[in-house]
Amino acid sequence: MVKRQTFNEIIIRRQKESEIDQAISDLEKRGFVLKAKMQNHHEGKVYKRSYYGKYQYADNTSSSVWVARLSTGGL
């Protein structure tokens, strides 16, 4: 019988890079190892209701979020 090794993974999301760096350093003090850190961008459209109750295009939106993946296991 082969015993499977399990890893605890955690994914954190923050708006600013300084916030995610602080969260990563706090988790590394607890024994987690950084696997990946990247910035995800998202673009979309905003619609608003017209006087007649139909949706009309209003504007483009753009947002970004920092994502990091950490684990307690080996690389």
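With respect to the overall build of the protein chain
The number of helices and strands found in the protein chain is one helix and three strands. Along its sequence from the N terminus, the protein chain presents helices and strands in the succession β-α-β-β. Expressed as a percentage of its 75 residues, the buried residues of the protein chain come to 17%. For the protein chain, contacts bridging at least 24 residues in sequence account for 61% of all contacts bridging at least 6.

Let's talk about the pairing of strand 2 (residues 33-49)
Successive residues of a regular strand alternate their side chains across the two faces of the sheet. By the bridge criterion, 16 bridges tie strand 2 to strand 3 (residues 55-71) in an arrangement that is antiparallel. Counterpart to Gln39 in the pairing with strand 3 is Trp66. Taking the residues between adjacent antiparallel strands as the criterion, strand 2 and strand 3 are bridged by five residues, where Gly53 takes a positive phi near 90 degrees.

Re a nonpolar patch on the surface
Among the surface-exposed residues, Tyr47, Tyr55 and Tyr57 lie close enough to one another that they form a single nonpolar patch of about 390 Å² accessible area. Of the residues examined, Tyr55 reaches a relative accessible area of 55% and is grouped as exposed.

The rules behind these values
Residues numbered from 1 in each chain as written. Predicted model: local features only at pLDDT ≥ 70, side-chain atom pairs only at ≥ 80, totals over all residues. Heavy atoms only, no water. Helix = DSSP H or I, 4+ residues; strand = E, 2+ residues; numbered from the N terminus. Buried < 20%, exposed > 50% of the residue type's maximum accessible area, 1.4 Å probe, protein only. Contact = heavy atoms within 4.5 Å. Pairing = 2+ DSSP bridges. Patch = residues over 30% accessible without salt bridge, like charges linked within 9 Å, V, L, I, M, F, W, Y side chains within 5 Å. Areas by Shrake-Rupley, 256 points an atom, 1.4 Å probe, with all protein chains shown as cover. Salt bridge = Lys/Arg side-chain N within 4 Å of Asp/Glu carboxyl O.

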